[in-house]
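What follows is each chain in one-letter form.
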Amino acid sequence: MKEIHSLLKRQIKRHLKSIDTGSIPEAWERFISSINESYWQMDEDRKILERSHDTRALFQTFPDLLFRTDSGGTILDYPASSATGLPFFREGVIGKQIHDIFPANVGKKLSDAIDTLHKKRSLMSTEFSIAGHDSEHSYEARLLPLLESQVVIIIRDITDRKLVEEALRESGEKYRQLAETSHDIILTADLNFKITYANKAALDFSGGIDPVGMSVIDFTPPHLHQHQPEMMQKRREGVSDMWSFEWEIVHPAGAIATFDARSTLLTADGKPSGIMFVLRDVTGRKLAEEALRESEGKYRQLAEKSHDIIVTVDLNFKITYANKATLDFIGGIDLVGMSLLDFIPPHWHQLQLEIMNKRREGFSDVLVYEWEIVHPAGKIATFDAHGTLLTQDG
């Protein structure tokens with residue numbers, strides 16, 4: 001026989017003092033056993049009632065619509081206070097099937113979710129939409145298993161969240177379109193240098209090779225490799241400054257191109273998630289600058305070897321260059337930084353000002369004239385002079 005319930009023991013000791021609860025006579029055993037089972041069942045019933053009361057109290061605290069159903073989807077309980085604002089809510093749902101109080105397509109989704117829940121015994125979720133009084137509403141249903149094969153279904157209105165997600169998708173698509181039509185190369189990479197996005201300009205540069213999944217380091221010359229880990233580590237630590245720098249990229253064909261680069265930290269949920277690079281090809285400009293440097297060096301050598309005096313000034317008469325012949329004429333005095341007017345007789349100053357005003361306006365003709373220069377010793381020398389306009393970036 002099952003262990004005698006404590007309440008039954010007290011009753012036997014009180015009313016049947018001649019019977020030892022540790023050794024029930026055979027004649028009494030069946031009777032005592034039946035009463036003992038009843039006592040234990042009363043305990044179980046009380047626990048169920050307590051659980052039911054606790055569950056109901058818990059249900060009433062939920063702001064979401066919450067149903068408790070049996071294994072077949074019959075509604076056992078719900079908090080009426082939270083249901084009235086929902087467009088699909090109907091009165092008197094206890095005892096009905098969950099699929100009967102929703103539109104057919106939603107009801108089938110929930111019934112299928114209940115079936116799956118019983119098989120997997122783990123949390124299930126599903127989303128659905130229902131036309132409301134003014135607009136369509138989106139909902140998320142979460143299903144959790146309870147004891148005795150019961151199910152809790154929590155339904156939350158997620159319309160606002162869905163609208164935000166849609167707005168983000170639209171804005172993301174908008175910026176993707178801008179990126180795809182940009183003439184600059186736009187790349188994103190994760191914090192391990194793996195390329196996660198490349199726009200059309202990047203594909204055009206690479207000759208159609210899709211770099212997504214490849215490493216940024218694969219396209220960087222070896223002499224720059226040491227700088228990249230240092231920069232990436234700062235990004236991992238959350239440094240969010242926009243960095244501007246000149247960078248070289250190795251073309252798949254082997255040629256090296258130079259870019260003006262800008263890099264920006266990307267974040268997800270407030271944490272560093274990657275880098276965006278915007279690259280503008282300046283290879284042509286760099287080649288032109290190099291050619292100018294080379295040609296400037298070449299013409300500087302010619303100027304230094306010339307027996308003619310060669311001087312350049314800015315548009316305020318400040319001397320910016322004087323060749324060796326000039327230094328020889330002046331007696332070794334470095335004229336750079338001095339004013340050209342200091343070496344011209346006063347009666348020529350007004351003409352000089354008029355000519356310079358024309359030069360400031362872009363007058364580019366070569367002027368040929370006879371000119372006088374005052375030597376530091378006071379002597380005046382006469383020269384055949386050629387004046388021409390210098391330009392920079394047009």
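Just above, that's the structure.
Bear in mind that the values here come from a model prediction, so they are computed numbers and not experimental data. (Residues numbered from 1 in each chain as written. Predicted model: local features only at pLDDT ≥ 70, side-chain atom pairs only at ≥ 80, totals over all residues. Heavy atoms only, no water.)

What about empty space enclosed by the protein?
Here comes step 1: Applying the stated rule across the entire model yields one cavity of 30 Å³ or more.
Here comes step 2: In this structure, the largest cavity spans a volume of roughly 360 Å³.
Here comes step 3: Surrounding the largest cavity, 25 residues form its lining, Leu 187, Val 216, Ile 249, Phe 277 and Leu 279 being those nearest its centre.
Here comes step 4: Elements that contribute at least two residues to the lining of the largest cavity include exactly strand S6 (185-189), helix H5 (200-205), helix H6 (227-236), strand S8 (243-250), strand S9 (256-268) and strand S10 (271-281).
Here comes step 5: Residues belonging to the lining of the largest cavity are distributed by class as follows: 20 nonpolar, four polar and one charged. (1 Å grid on protein atoms, 1.4 Å probe; cavity = no way out; pocket = protein on both sides within 12 Å on 5 of 7 lines; lining within 4 Å. Points joined across faces, edges and corners; volume = space filled by probe spheres on them. Helix = DSSP H or I, 4+ residues; strand = E, 2+ residues; numbered from the N terminus. Nonpolar A, V, L, I, M, F, W, Y, C, P; charged D, E, K, R; others polar.)

Remarks on the pattern of salt bridges
Here comes step 1: Enumeration according to the criterion identifies five salt bridges in this entry.
Here comes step 2: Of the charged contacts in the structure, one is a salt bridge between Asp 204 and Lys 200, with a shortest N-O distance of 3.1 Å. Of this pair, Asp 204 and Lys 200 both sit in helix H5, four residues apart, roughly one helical turn.
Here comes step 3: Residues Lys 324 and Asp 328 are paired through a salt bridge, measuring 3.2 Å at the closest nitrogen-oxygen approach. (Salt bridge = Lys/Arg side-chain N within 4 Å of Asp/Glu carboxyl O.)

A short note on the sheet that holds strand S7 (residues 195-198)
Here comes step 1: Strand order in the open sheet formed by five strands is S7-S6-S10-S9-S8, with antiparallel pairing between adjacent strands. Each edge of the sheet is formed by a strand with only one pairing partner; in this case those strands are S7 and S8. The sheet shows a mean angle of 30 degrees between the axes of neighbouring strands, direction not considered.
Here comes step 2: Both S9 and S10 contribute to a ladder of 10 bridges, which runs antiparallel. Bridging from a neighbouring strand, Ala 268 pairs with Lys 271 of S10.
Here comes step 3: Strand contacts of H6: S8, S9 and S10, with the helix running at about 135 degrees to S8, the strand carrying the most contacts. (Pairing = 2+ DSSP bridges. Axes fitted to C-alpha atoms, helices over the stretch in contact; angles between N-to-C directions. Contact = heavy atoms within 4.5 Å.)

So, the pairing of strand S12 (residues 319-322)
Here comes step 1: With three bridges joining them, strand S11 (residues 311-313) and S12 adopt antiparallel strand pairing. Note that in S12 the partner of Val 313 across the bridge is Ile 319.
Here comes step 2: Linkage of S11 to S12, two consecutive antiparallel strands, is achieved through a turn of five residues, within which Phe 317 is found at a positive phi near 75 degrees.

Comments concerning the side chain of Gln 352
Here comes step 1: You can see Gln 352 is positioned in helix H9 (residues 349-360).
Here comes step 2: Classification of Gln 352 as buried rests on a relative accessible area of 8%.
Here comes step 3: Non-local contacts of Gln 352, meaning those with residues more than four positions away in its chain, are made with Phe 317, Leu 340, Leu 341, Ile 344 and Trp 371. (Buried < 20%, exposed > 50% of the residue type's maximum accessible area, 1.4 Å probe, protein only.)

Digging into the layout of surface pockets
Here comes step 1: Put simply, the largest pocket is a space of about 1100 Å³.
Here comes step 2: Around the largest pocket sit 34 residues that line it, and Val 311, Leu 340, Tyr 369, His 386 and Gly 387 are the ones nearest its centre.
Here comes step 3: Taken together, the elements giving at least two residues each to the lining of the largest pocket come down to S11, helix H8 (324-330), H9, strand S13 (367-374) and strand S14 (380-387).
Here comes step 4: The biggest single contributor to the lining of the largest pocket is S14, with five residues.
Here comes step 5: The class makeup of the residues in the lining of the largest pocket is 24 nonpolar, six polar and four charged.

Thoughts on the sheet that holds strand S4 (residues 136-145)
Picture the strands of a sheet paired through backbone hydrogen bonds; they go either parallel or antiparallel.
Here comes step 1: An order of S2-S1-S5-S4-S3 is seen for the five strands of this open sheet, with the pairing classed as antiparallel. Of all the strands in the sheet, the pair left with one neighbour each is strand S2 (75-77) and strand S3 (124-131). Sheet twist, expressed as the mean angle between neighbouring strand axes with direction ignored, is 35 degrees.
Here comes step 2: Bridge analysis of strand S1 (residues 65-69) against S2 gives two bridges, and the strand direction is antiparallel. In the strand pairing of S2, Arg 68 is matched with Asp 77.
Here comes step 3: Lying on the sheet, helix H3 (residues 104-120) is in contact with S1, S3, S4 and strand S5 (151-157); it crosses S3 at an angle near 175 degrees.

Examining the pairing of S9
Here comes step 1: Note that S8 and S9 share eight bridges and pair antiparallel. The partner of Ser 244 across the bridge, within S9, is Arg 262.
Here comes step 2: Where S8 folds back on S9, the antiparallel hairpin that results is connected by five residues, among which Gly 254 adopts a positive phi of roughly 110 degrees.

So, unusual backbone geometry
Here comes step 1: Within the chain, Phe 193 stands out as a residue other than glycine whose phi angle is a positive 75 degrees.
Here comes step 2: Inspection of the secondary structure assignment puts Phe 193 in the loop between S6 and S7.
Here comes step 3: By relative accessible area, which is 12% here, Phe 193 ends up buried.
Here comes step 4: A positive phi is found at Phe 317, a non-glycine position, where the angle reads about 75 degrees.
Here comes step 5: Owing to a relative accessible area of 4%, Phe 317 belongs among the buried residues under this scheme.

Here we look at the packing of aromatic side chains
Here comes step 1: The tally for this structure, following the rule as stated, stands at seven aromatic pairs.
Here comes step 2: When the centroid spacing of 6.2 Å and the interplanar angle of 75 degrees are considered together, the rings of Phe 102 and Phe 128 count as edge-to-face. Residue Phe 102 is located in the loop between S2 and H3, and its partner Phe 128 is located in strand S3; the two are separated by 26 residues in the primary sequence.
Here comes step 3: By relative accessible area, which is 4% here, Phe 102 ends up buried.
Here comes step 4: Judged by centre distance (5.0 Å) and plane angle (40 degrees), the ring pair of Trp 348 and Trp 371 falls under tilted. Pair noted here: Trp 348 is in the loop between H8 and H9 and Trp 371 is in strand S13, with a separation of 23 residues, a long-range link.
Here comes step 5: The rings of Phe 67, Phe 102, Phe 128 and Tyr 139 are connected pair by pair, giving a single aromatic cluster.
Here comes step 6: The ring of Trp 243 carries the charged tip of Arg 235 above its face, separated from the ring centre by 3.9 Å.
Here comes step 7: The ring of Phe 363 carries Lys 358 above its face, with NZ or CZ at 6.0 Å from the centroid. (Phe/Tyr/Trp six-rings, centres within 6.5 Å; stacked < 30°, edge-to-face > 60°. Lys NZ or Arg CZ within 6 Å of the ring centre and 35° of its normal.)

Just geometry here; none of it tells us what the structure is for.
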